[in-house]
Number of protein chains: 2
Amino acid sequence: MKLAENKLLIAALGGVNEIGKNMYLIQYDQDIVVIDCGSKFPDESLPGIDLIVPDITYLLENRDKVRALIVTHGHEDHIGGIPYLLKQLNVPVYGTQLTIGLIKIKLKEHGLLRNAELQVINVDSTVHVGAIQASFFATSHSIPDCVGIFFQTPEGNVVHTGDFKFDMSPVSGPYPDLHRMADIGKQGVKVLLSESTNAERPGFTPSERSVGGHILDAFARAEQQVFISTFASNVNRVQQIIDAAMETNRKLVLLGRSMVNVVSVAKDLGYLKLPDDLLIDAKMTEQYPPEKIAILCTGSQGEPMAALSRLASSRHPHIEILPGDTVIIAAGAIPGNERNLAHVIDNLYVLGANVIYGSGSSAGMHVSGHGSQEELKLMLTLMKPEYLIPVHGEFRMLYQHRLLAESVGIPNENVFIVRNGETVQIEAGTALLGPKIPAGNSLVDGLGIGDIGNIVLRDRRHLSSDGMLIIVTTLSKNQRQMLVAPEVISRGFVYVRDSEALMNEIHENVKSIMDNLTESEMSQWNVIKQTLKDNIGRLIYSQTKRRPMILPIIIEI
Amino acid sequence: MKLAENKLLIAALGGVNEIGKNMYLIQYDQDIVVIDCGSKFPDESLPGIDLIVPDITYLLENRDKVRALIVTHGHEDHIGGIPYLLKQLNVPVYGTQLTIGLIKIKLKEHGLLRNAELQVINVDSTVHVGAIQASFFATSHSIPDCVGIFFQTPEGNVVHTGDFKFDMSPVSGPYPDLHRMADIGKQGVKVLLSESTNAERPGFTPSERSVGGHILDAFARAEQQVFISTFASNVNRVQQIIDAAMETNRKLVLLGRSMVNVVSVAKDLGYLKLPDDLLIDAKMTEQYPPEKIAILCTGSQGEPMAALSRLASSRHPHIEILPGDTVIIAAGAIPGNERNLAHVIDNLYVLGANVIYGSGSSAGMHVSGHGSQEELKLMLTLMKPEYLIPVHGEFRMLYQHRLLAESVGIPNENVFIVRNGETVQIEAGTALLGPKIPAGNSLVDGLGIGDIGNIVLRDRRHLSSDGMLIIVTTLSKNQRQMLVAPEVISRGFVYVRDSEALMNEIHENVKSIMDNLTESEMSQWNVIKQTLKDNIGRLIYSQTKRRPMILPIIIEI
């Protein structure tokens, strides 16, 4: 796809009509700047898939124009796709110090660190890409060092907010830079891309600081070991947990790979104040009394392989949860994870732990990192954009964001709710929907990227719901007749020992079907296979109401 | 398992440490009374399973002692397993008029109605089973005609609450019978089995009546068609929806099989006031202006095959949701259904509908049918039981229920948190944990009940995550050598057209593995199969990081 000259084009390659795999682009003339490159986890409709990243066909088709990837912050839904992008397109990556630090961990794991071009920026930096100039403003979110991006182009100014809330009392700076935002608004914003995660939630999201008091109280009240689980990347919450451990004279154990990695990077870069003698190894806990121990671990979403799940089912080699211990889940369940998390909480109770969970007033162990309705309106009022593209949200969130925009005076027709791959073009001051560009899900399964097609997924779903039945028939090359009795093998269908009668009947049926085929039918393998599929399928359905995948295999000798 | 004489035994066959498939039993001497027989839906860890019902091995082993099934109310998690029970054990079923009406629908579908012995009871009835005498008290819940059960036995009185809230202003009677409950409490309750669904929720659940005003407001404000989805069995809410349609002069369309069934039974039995001229057929809607139409449908959980999902994705043959229509989701999402429901809401917004959802104060379209903490305390205070067995809840709910019991003066050691199959025995006035009886999940898949074992499920999970690879080798009977090239077939693994190189390599490897086997190895099929599995598995994992199921098949000619 070619773009006409002197036009400004804006598109999402991921992140609208979904939560996850954020990736946006702005293009002016011969230059493309990419914003973020995230990943998301598949739901149960994509069996066996490890990760979903954006389809970057458009970028590959225009690889000579792609000048920069600017990353707003270090969360997985903004950086998780970077290794898969850089494998195919080595573009310079710009981000703040912590963001680049977290990207480095990721690139190292993929063996891509040596060849990557990583550029640390800060709120005073400017990035020039052809006629596009990008500068940055500080925002607050559930990870430090977040920025919004201010693009100046010949067709007008474009702002991408990144993820934000207006936390005016952040645990450790920086404050959201209201003055700079007001200044950008004064300069005039043609198009605002603003995040929509909490557009359904009335009011103002509480400050992260409000969680700290609850954590400290729980640590102080606990008479034995304290376990606390949160997102590793929520460095401000981790700081408050560190502070609570210090205040209550507890040594701190870190469990879970991402917790260890993030704490290490954040400490090295100065984002965490963590005295050297606070941390101890899991093996050392025996040397301290239980009231002197706190364990900070991953697994706040109930992920079955993470540290908290292992602890809850007594699968950790060195640490055991004992009756009377306190366990704090300092996170909300992301939709889809409720059951896993509830299961972990149940197991913790079975172990006799005192479990504190939930974001309600009774627990107060979590606040969102995303701004609620009043904060989205505050951003809109500061930026006063002519056009809004709500991003970072499922459709109903984008829709609610449009209603909020209307309420602060942005006309309905100036709000573009786009799908991934739909473009908004600005020409001569006016924004219109432009041509579509390729966009979608690229599925990562093992080492393969994007090689899992619909047929493979359909087969996996079929196999998982009713299993399969393999019928091997052996034909002689010339006489077109069966040489030996057919083999019938099933997996995931019925337990053969309990279903001898059915399996025998299938066997007999295969033989009689084969015997009844005419010579001409026997010479057409497709006919043999289809006849077996149809007849055996009907037999099985009538007896079991199941539809296993039936796979006839013909061997010709 | 034999029970000693003159003992009272209480057990859950389903319903504790889970939400769903409630089934309890009380046994005295040679008589067993069963309470409820529910079903639940499987989660994604049980691929292909249609339904889960209780394992009734214990009842089958003691079939001559099972005298009665008493059903507290007509919800699926209390009646859904009845057809599967009656197929194996024809026991008389006791329930109130509406409960029996709903059971009849179910038995009819299974062709079991003719032989079933169904007994309608009411709050004045008494059922005698040997030395056990059962009577009933009215409770309120999200379906009418609910009862709790009062058992009098020589070893003391036992109360089972059924599901309840204390709705003192129910939409249509009956009121929860506080006086009868107080009277039972005065007579002395040895053991209380009380439901625990909302044991985590502080306060008092609002009255069902509070929803009616919100529904009427939304109906009155709507300028076009109104769609509203709720649980079919919530007859009181359905009544309020009927009332709102009448008040706003709208004709009512019913969509969804369970909605049509339940409304028909509830109307016939006098539980719904529904004028004959209110209902119209879906095909007739064209004859009315949109502001004269209301559609009441199933699918409030986002179930992909239910009416609301079909409407949201424009798959209904007669009715279309148009921009400006109002859609009300008058239900909360049951944990595990959030994603499906969010997806439906997104689709409704895409169609341009005004969607009203959520139980928060802003929408108010749903209240729970289960009592919150203060109501559980009220029940405990009315019944003053010596022992409590919290039922109907996951472990953390049962645990919170115990804390509530402690707060009203029941000693911790008098609360039995049991697992399905654990028994509580009362002898000489004292309750103790008794022997375990068989209990667990019986899986319904197509026509089979309980014939899906762990191996089948493990295979399904394996097949769904990485697919499979079949290797067919053909050996001559005497020379122990391959007759033709091996066949390699994959499903759900990789898309073969994109993976020719890999498939060729697998082919070559199979051949060379077979060529390198010694004559003695060739005579042991297990060795051939294991060698192929190991070697090809390693090859595939090194190249793809996937582990498909590898299925070697040997054909001997």
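Residues numbered from 1 in each chain as written. Chains lettered and ligands numbered in written order. Predicted model: local features only at pLDDT ≥ 70, side-chain atom pairs only at ≥ 80, totals over all residues. Heavy atoms only, no water.

Caption draft 1: Summary view of the interface of chain A and chain B. Counting from both sides, the interface comprises 64 residues of chain A and, opposite them, 63 residues of chain B. Carbon and sulfur atoms supply 62% of the area that chain A and chain B bury against each other, a total of about 5,300 Å² over both sides. Put simply, chain A and chain B have 3 salt bridges between them. Where chain A packs against chain B, one counts 12 residue pairs in polar contact (both at pLDDT 80 or more). Elements with a minimum of two residues in the side of chain A that touches chain B: helix 10 (338-350), helix 12 (395-407), helix 13 (454-466), strand 23 (468-475), strand 24 (487-491), helix 16 (525-544) and strand 25 (549-556) of chain A. (Contact = heavy atoms within 4.5 Å. Buried area = accessible area lost by both parts, 1.4 Å probe. Salt bridge = Lys/Arg side-chain N within 4 Å of Asp/Glu carboxyl O. Polar contact = N/O pair within 3.5 Å; in protein donor to acceptor, adjacent residues only side chain to side chain. Helix = DSSP H or I, 4+ residues; strand = E, 2+ residues; numbered from the N terminus.)

Caption draft 2: Representation of the relation of the copies chain A and chain B. In screw terms, the move from chain A to chain B is a rotation of 180 degrees and a rise of 0.1 Å along the axis, fitting with an RMSD of 0.1 Å. Read as a symmetry element, the transformation amounts to a two-fold axis. If distances are taken from each C-alpha of chain A to the rotation axis, the shortest is found for Ser464(A), at 2.4 Å. Of the residues that chain A buries at the interface, 98% are likewise interface residues in chain B, meaning the two copies contact each other through the same surface. (Least-squares fit on C-alpha atoms with pLDDT ≥ 70 in both.)

Caption draft 3: Representation of the UniProt feature "binding site: substrate" (unreviewed entry) in chain A in the model. All names here are of chain A. UniProt's feature table lists "binding site: substrate" (unreviewed entry) at Ala232, Ser233, Asn234, His366, Val367, Ser368, Gly369 and His370, given in the numbering used throughout. Topologically, Ser368 is positioned in the loop between strand 17 (354-356) and helix 11 (373-383). Judged by relative accessible area, which is 12%, Ser368 ranks as buried. Within the fold, His370 resides in the loop between strand 17 and helix 11. Judged by relative accessible area, His370 falls into the buried class, the value being 15%. In this structure, His370 is in contact with His141, Asp163, Phe164, Lys165, Glu195, Thr197, Asn198, Thr205 and His392, ignoring residues within four places of it in sequence. At 2.8 Å, the side chain of His370 and the side chain of Glu195 are in polar contact. (UniProt positions renumbered as here; feature names shortened; annotations may be inferred. Buried < 20%, exposed > 50% of the residue type's maximum accessible area, 1.4 Å probe, protein only.)

Caption draft 4: Main features of unusual backbone geometry. A positive phi angle, close to 55 degrees, is found at Lys545(A), a residue other than glycine. For Lys545(A), the location among the structural elements is in the loop between helix 16 and strand 25. Given a relative accessible area of 39%, Lys545(A) falls into the partly exposed group. In this structure, Asn249(B) takes a positive phi of about 55 degrees despite not being glycine. Along the chain, the position of Asn249(B) falls in the loop between helix 7 (235-247) and strand 14 (251-255).

Caption draft 5: Spotlight on the domain arrangement of chain A. Along its sequence, chain A is carved into domain 1 (8-203 + 368-445), domain 2 (209-356) and domain 3 (454-556). Relative placement of domain 1 of chain A and domain 3 of chain A: their C-alpha centres are 52 Å apart. (Domains from an automatic or database assignment.)

Caption draft 6: Structural context of the UniProt feature "active site" (unreviewed entry) in chain A. Residues and elements named next belong to chain A. The UniProt feature table records "active site" (unreviewed entry) at Glu195 and His370. Across 176 residues, the annotated set stays spatially compact, with a maximum C-alpha separation of 8.4 Å. By secondary structure assignment, the location of Glu195 is in strand 12 (residues 191-195). Assessed through its relative accessible area of 1%, Glu195 is described here as buried. Those residues in contact with Glu195 that sit more than four places away from it in its chain are Thr161, Gly162, Asp163, Phe164, His370, Gly371, Leu376, Val391, His392 and His401.

Caption draft 7: Local environment of the packing of aromatic side chains. Tallying each qualifying case throughout the model produces 8 aromatic pairs over all chains. Considering the side-chain rings of Tyr387(A) and Phe416(A), the 6.0 Å spacing of their centres and the 50 degrees angle between planes classify their relative orientation as tilted. Here Tyr387(A), found in strand 18 (residues 387-391), pairs with Phe416(A), found in the loop between helix 12 and strand 19 (423-427); they are 29 residues apart in sequence, far enough to count as distant. There is no split in this pair, since Tyr387(A) and Phe416(A) are both buried. Taken together, the ring pairs in this structure connect Tyr349(A), Phe395(B) and Tyr399(B) into an aromatic cluster. Directly above the aromatic system of Tyr541(A) lies the positively charged group of Arg547(A), at a separation of 3.8 Å from the ring centroid. (Phe/Tyr/Trp six-rings, centres within 6.5 Å; stacked < 30°, edge-to-face > 60°. Lys NZ or Arg CZ within 6 Å of the ring centre and 35° of its normal.)

Caption draft 8: Examining the pattern of salt bridges more closely. For the coordinates displayed, the defined rule picks out 31 salt bridges over all chains. Here Lys21(B) makes a salt bridge to Glu18(B), at a shortest N to O gap of 3.0 Å. Residue Lys21(B) is classed as buried on the basis of its relative accessible area of 1%. Of the charged contacts, one joins Arg458(B) and Asp459(B) as a salt bridge, the two residues approaching to 3.7 Å between their closest N and O atoms. Put simply, Glu200(A), Glu394(A), Arg396(A) and Asp346(B) are held in one network by salt bridges that share partners.

Caption draft 9: Examining the sheet that holds strand 13 (residues 226-229) of chain B more closely. Residue and element names in this part refer to chain B. A sheet is described by the order of its strands in space; here 5 strands give the open sequence 14-15-13-16-17, paired in parallel fashion. Because the sheet does not close on itself, it has two edges, and the strands there are strand 14 and strand 17 (354-356). The mean inter-strand angle of the sheet, taken between neighbouring strand axes irrespective of direction, is 20 degrees. In terms of strand pairing, strand 13 meets strand 16 (residues 326-329) through 4 bridges, oriented parallel. (Pairing = 2+ DSSP bridges. Axes fitted to C-alpha atoms, helices over the stretch in contact; angles between N-to-C directions.)

Caption draft 10: Broad picture of helix 5 (residues 178-187) of chain A. Residue and element names in this part refer to chain A. Looking at helix 5, one finds that the buried residues are Met181, Ile184 and Gly185. Looking straight down helix 5, one finds that the buried residues subtend no more than 100 degrees of arc, so they occupy a single side. Those residues of helix 5 that are exposed and angled more than 90 degrees off the buried face are His179 and Lys186. Turning to helix 5, the residues buried within the fold contact strand 9 (132-139), strand 10 (146-153), strand 11 (156-160) and helix 11. Directly after helix 5, the chain includes Gly188, whose backbone phi takes a positive value near 100 degrees. (Arc of directions from axis to C-beta.)

Caption draft 11: Up close: the packing of helix 12 of chain A against helix 10 (residues 338-350) of chain B. Two elements in contact, helix 12 of chain A and helix 10 of chain B, have axes whose closest approach is 8 Å; the angle formed by their N-to-C orientations is 45 degrees. The angle between helix 12 of chain A and helix 10 of chain B falls in the class oblique. Mapping the contact onto sequence places Phe395(A), Arg396(A), Tyr399(A) and Gln400(A) in helix 12 of chain A and Ala342(B), Ile345(B), Asp346(B), Tyr349(B) and Val350(B) in helix 10 of chain B. Looking at the contact of helix 12 of chain A with helix 10 of chain B residue by residue, the class counts come to 6 nonpolar, 1 polar and 2 charged. (Parallel < 35°, antiparallel > 145°, perpendicular 65-115°, else oblique. Nonpolar A, V, L, I, M, F, W, Y, C, P; charged D, E, K, R; others polar.)

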